[in-house]
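What the coordinates show
One letter stands for each residue in the lines below.
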Amino acid sequence: MAATDSITLEVRTDRAYDSLRLGFLKADNPSAFKRLSSFATLNAARTLQKPMQQEAPRGETTRNPGRLRRNIKARGVRFSKPGAVVGIKGGRSGVFYGWFVTSGRGPVRQTKEGPKAVTPVTGRPFVIETVRRAGMLEKALEAFSGTVEKFLNDEPFRNTILKFKRGNQR
């Protein structure tokens with residue numbers, strides 16, 4: 001062996017061992033486990049964001065072309081944590097017509113004068129189609145497990161996640 005030769009040793013643990021460590025973390029520090037789960041879930045949701053943006057229909061509108069595509073977001077949930085939502089951001093700062101694109105419109109519309117015939121528009125459920133596409137959920141699960149694995153094995157990453165706190169906590 002020459003002086004420049006090197007050896008690389010990589011230690012990988014069994015999934016059962018990682019599950020045991022996660023169980024101890026959940027029992028010992030529930031808030032840290034909750035933060036880890038929320039962070040990993042959000043990372044999994046972010047893997048679906050780009051493919052959804054690519055599948056979004058691109059139509060010219062009078063003021064903002066491509067606005068629907070730009071308003072597909074991944075964000076954490078407010079309640080029932082851990083969880084994440086990926087989809088069209090609605091409301092004033094998002095796109096108010098997102099439901100119309102995905103759901104479409106039927107041939108009859110209700111008005112004050114009664115039912116009125118309108119041109120039906122078929123919906124394009126690109127959000128659900130993207131999630132159901134082969135391999136997308138597997139990618140999201142890989143991102144989730146990769147985040148958990150990195151948390152268990154990387155001390156600076158773990159300290160970064162544990163440092164996140166909500167509100168005025170010190």
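All of these numbers come straight from a predicted model, not from anything done at the bench.

Ranked by internal contacts, the top residues of the largest apolar core, which has 15 residues, are Leu-48, Met-52, Leu-68, Ile-72, Val-86 and Phe-126. At the level of elements, α2 (30-55), β1 (72-76), α5 (126-132) and α6 (136-153) are the ones that each hand at least two residues to this core. When residues in this core are grouped by element, the largest group, four residues, is from α2. The residues touching Leu-68, leaving out its near neighbours within four places in the chain, are Pro-57, Ile-88, Val-95, Tyr-97, Gly-98, Val-101 and Phe-126. Ranked by size, the runner-up nonpolar core spans nine residues in total, among them Ala-40, Phe-151, Leu-152 and Ile-161.

A few words on the confidence of the model for the protein chain. Looking at the protein chain as a whole, the pLDDT averages 79, with 78% of positions reaching at least 70. Mean pLDDT across the elements of the protein chain bottoms out in helix α1 (residues 15-28) (67) and peaks in strand β5 (residues 114-117) (94).

How two helices sit against one another is set out by the angle between their axes and by the gap between those axes. At their nearest, the axes of α6 and helix α7 (residues 155-163) sit 6 Å apart, and the two run at 105° to each other. Classified by the angle between their axes, α6 and α7 sit roughly perpendicular to one another. Mapping the contact onto sequence places Thr-147, Lys-150, Phe-151, Leu-152 and Asn-153 in α6 and Glu-155, Phe-157, Arg-158, Ile-161 and Leu-162 in α7. Per-class residue counts for the contact of α6 with α7 are five nonpolar, two polar and three charged.

Cut-offs applied
- Residues numbered from 1 in each chain as written.
- Predicted model: local features only at pLDDT ≥ 70, side-chain atom pairs only at ≥ 80, totals over all residues.
- Heavy atoms only, no water.
- Core = buried A, V, L, I, M, F, W, Y, C linked by side-chain atoms within 4.5 Å.
- Buried < 20%, exposed > 50% of the residue type's maximum accessible area, 1.4 Å probe, protein only.
- Helix = DSSP H or I, 4+ residues; strand = E, 2+ residues; numbered from the N terminus.
- Contact = heavy atoms within 4.5 Å.
- pLDDT = per-residue confidence, 0-100.
- Axes fitted to C-alpha atoms, helices over the stretch in contact; angles between N-to-C directions.
- Parallel < 35°, antiparallel > 145°, perpendicular 65-115°, else oblique.
- Nonpolar A, V, L, I, M, F, W, Y, C, P; charged D, E, K, R; others polar.

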